[in-house]
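Listed below are the residues making up each chain.
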Amino acid sequence: MKKVFFFIAILIAFKLNAQCNHLKNKEMKEMLGSFIYDSSRETAIKENENAQQIEFELLLFKSNMYKMCWEISELPPNSTIKLYEKTNNGGKKIIFNSETTEPDKNFYSVVLKDISRSVIVTYNIPESATGGCVKYVLGFSMKNEIKQEKNPKARVKVN
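Residues numbered from 1 in each chain as written. Predicted model: local features only at pLDDT ≥ 70, side-chain atom pairs only at ≥ 80, totals over all residues. Heavy atoms only, no water.

1. Some words on the nonpolar core
Part 1: Membership of the largest hydrophobic core comes to 26 residues, with the highest contact counts inside it found for Met68, Trp70, Ile81, Leu83 and Tyr123.
Part 2: Every element with two or more residues in this core is listed here: β2 (52-59), β3 (64-71), β4 (80-86), β6 (107-112), β7 (118-125) and β8 (132-142).
Part 3: Counting residues in hydrophobic clusters, the runner-up holds 8 residues, among them Met28, Leu32, Phe35 and Val137. (Core = buried A, V, L, I, M, F, W, Y, C linked by side-chain atoms within 4.5 Å. Buried < 20%, exposed > 50% of the residue type's maximum accessible area, 1.4 Å probe, protein only. Helix = DSSP H or I, 4+ residues; strand = E, 2+ residues; numbered from the N terminus.)

Set out below in structure tokens:
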């Protein structure tokens, strides 16, 4: 009986360590500013003796401007965030590196214009890192703003 209780206690402690505290809508709006919320992602980082690299890919469209934000208050120390744009020849061009940028109030942000390809987000976690979490939020803004017509019969006009 004691072994079962001990195993359950360890399992609960591990799950609590690996979970992320969800961002509230107010926090996401503050991070995005005037950009419209598109998506978000919370990545739990497990305690590990080896270095880790976590990567995911996004498809963005040229007709929009994007703002990407990362909340890093729970990110293990010395971890880096990098953002790459895929090139036509299959390579990657770096467009954001947290090593060369100072965070603003526990988050990084970057505004992207004229992106018409896939982008790759990479988290590099150093060896012997404790568990943690990184939260990502994506917002967009239409480049061609929609304006209301003075004619009541016209719905909208795109410039």
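2. Section: the side chain of Ser98
Part 1: With respect to the secondary-structure elements, Ser98 resides in the loop between β5 (92-97) and β6.
Part 2: Given the relative accessible area of 7%, Ser98 is considered buried.
Part 3: Only 2.8 Å separates the side chain of Ser98 from the backbone nitrogen of Ile81, close enough to count as a polar contact. (Polar contact = N/O pair within 3.5 Å; in protein donor to acceptor, adjacent residues only side chain to side chain.)

3. Some thoughts on the sheet that holds β4
Part 1: In spatial order, the strands read β2-β7-β4-β5; together these 4 strands make up an open sheet with antiparallel pairing. Each having just a single partner strand, β2 and β5 make up the two edges of the open sheet. Neighbour-to-neighbour, the strand axes of the sheet open up by a mean angle of 25 degrees, direction not taken into account.
Part 2: Looking at chain direction, β4 and β5 are connected through 5 bridges and run antiparallel. Looking at β5, one finds that Lys82 is bridged to Asn97. (Pairing = 2+ DSSP bridges. Axes fitted to C-alpha atoms, helices over the stretch in contact; angles between N-to-C directions.)

4. A short note on the pattern of salt bridges
Side-chain pairing between opposite charges can occur once the charged atoms of the two side chains come close.
Part 1: As enumerated under the stated definition, the model contains 4 salt bridges in all.
Part 2: A salt bridge links Lys86 to Glu57, with the nearest nitrogen and oxygen atoms 3.0 Å apart. On the criterion of sequence distance, the pair formed by Lys86 in strand β4 and Glu57 in strand β2 is long-range, its members being 29 residues apart.
Part 3: For Lys86, a relative accessible area of 29% translates into the label partly exposed.
Part 4: Since its relative accessible area comes to 46%, Glu57 is described here as partly exposed. (Salt bridge = Lys/Arg side-chain N within 4 Å of Asp/Glu carboxyl O.)

5. Overview of the pairing of β7
Part 1: Extensive coverage of β7 is indicated by the burial of 7 of its 8 residues.
Part 2: Relative to β7, β2 runs antiparallel, the two being bridged by 8 bridges. Looking at β7, one finds that Leu59 is bridged to Ser118.
Part 3: Across 6 bridges, the pairing between β4 and β7 is antiparallel. Bridging across to β7, Glu85 finds its partner in Val119.

The values are spatial; any link to function lies outside them.
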